[in-house]
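Given next are the chains, with one letter for each unit.
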Amino acid sequence: MIEILNAAGVARGRVTGALVADILQTMKRRAVVGTNLLEINAWTKEMIFEARAASCYVAYEPSFGRGPFGHYICTSVNDAVLHGKPHDYALADGDLLTLDLAVSLDGVVADSAISFVVGDSPQPDSVAMIEATERALAAGIAAAGPGARIGDLSHAIGTVLRDAGYPINTQFGGHGVGSTMHQDPHIVNTGRPGRGYELQPGLLLALEPWVMADTDALRTDADGWTLRSATGSRTAHSEHTIAITEDGAEILTLPTPG
């Protein structure tokens with residue numbers, strides 16, 4: 001299903017997006033050496049409930065996961081890149097942590113992810129990988145607007161990632177959002193320009209470039225959810241929800257100013 005929102009729906013998406021971004025930034029500040037992933041999950045739950053919003057993850061049970069996810073945020077550490085299930089692990093200095101969050105508020109979903117290095121010992125390779133996903137995300141957003149096609153976004157994202165030297169996995173990528181978390185169109189992180197669905201105002205998209213340092217192959221943890229690089233190499237993931245407008249693309253998942 002491809003869902004086109006009216007102006008009121010997009011306005012609600014702005015509120016949801018700001019909530020998601022504010023939660024992620026709060027968790028980033030709290031994710032210090034010694035913080036437990038289960039603490040991050042509990043704090044996220046508290047903030048979602050305080051906002052009278054709803055988690056998109058707790059009861060989520062897609063074909064690629066084993067049973068309901070059962071947690072409020074994805075916490076992927078080092079070689080984990082997607083769907084990291086929070087567990088009893090205390091963050092260490094130099095860990096590369098990705099936080100991925102989707103929330104529904106007033107009937108509209110927003111989805112965002114950030115990657116960062118915990119503590120005071122960032123590895124240059126980790127920083128470079130994070131920055132590559134952020135540049136790719138910016139390129140995908142810049143390519144979006146009314147009349148653009150999904151392939152234009154995929155091509156822009158893939159060009160940045162490939163030029164930075166990273167293999168690209170096409171199993172998981174961006175997607176539409178709206179009243180539900182995962183909708184069509186699917187947006188792979190590489191592609192040919194001029195192909196695919198033509199974007200129109202009112203469409204909400206979650207763009208999410210992600211990479212693994214030296215492979216495009218994934219393996220699944222025993223928890224049935226957490227996806228890791230097949231080689232054990234580090235990973236990074238950046239994501240924003242955008243709204244297609246008459247003038248281009250508006251990022252919805254930006255933190256509240258101040």
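Just so it is clear, the model here is predicted, and its values are computed rather than measured. (Residues numbered from 1 in each chain as written. Predicted model: local features only at pLDDT ≥ 70, side-chain atom pairs only at ≥ 80, totals over all residues. Heavy atoms only, no water.)

## Things to note about the overall build of the protein
When you go through the protein residue by residue, the secondary structure sums to four helices and 14 strands. Rg of the C-alpha trace for the protein: 17 Å, near the compact-globule value of 18 Å for 258 residues, within the 12% margin. Taking the principal axes of the C-alpha coordinates as reference, the protein spans close to 45 × 40 × 40 Å. Burial status across the protein gives 55% buried among its 258 residues. Long-range pairs, those at least 24 residues apart, make up 69% of the contacts in the protein with a sequence separation of at least 6. Summed over all atoms, the accessible surface of the protein reaches about 10,500 Å², with 51% contributed by carbon and sulfur. (Helix = DSSP H or I, 4+ residues; strand = E, 2+ residues; numbered from the N terminus. Rg over C-alpha atoms; globule rule 2.2 N^0.38 Å. Buried < 20%, exposed > 50% of the residue type's maximum accessible area, 1.4 Å probe, protein only. Contact = heavy atoms within 4.5 Å. Areas by Shrake-Rupley, 256 points an atom, 1.4 Å probe, with all protein chains shown as cover.)

## Brief notes about the pattern of salt bridges
Taken as a whole, this structure holds six salt bridges when the rule is applied. Of the charged contacts in the structure, one is a salt bridge between Asp221 and Arg219, with a shortest N-O distance of 3.6 Å. Note on Arg219: relative accessible area 38%, which makes it partly exposed. Three or more residues are tied together by salt bridges with common partners; here these are Asp79, Arg219, Asp221 and Arg228. (Salt bridge = Lys/Arg side-chain N within 4 Å of Asp/Glu carboxyl O.)

## Points about helix H4 (residues 150-163)
Under the 1.5 Å per step criterion, the end-to-end length of H4 is 20 Å for 14 residues, consistent within 8% with the ideal 20 Å. Along H4, the residues classified as buried are Ile150, Gly151, Leu153, Ser154, Ala156, Ile157, Gly158, Val160 and Leu161. Check the buried side of H4 and you find it contacts helix H3 (124-142), strand E7 (183-187), strand E8 (204-207) and strand E9 (210-212). Gly165 occupies a position one or two residues after H4 and carries a positive phi of about 95°. (Expected span 1.5 Å × (residues − 1).)

Remember that the coordinates give geometry; whether it matters functionally is a separate question.
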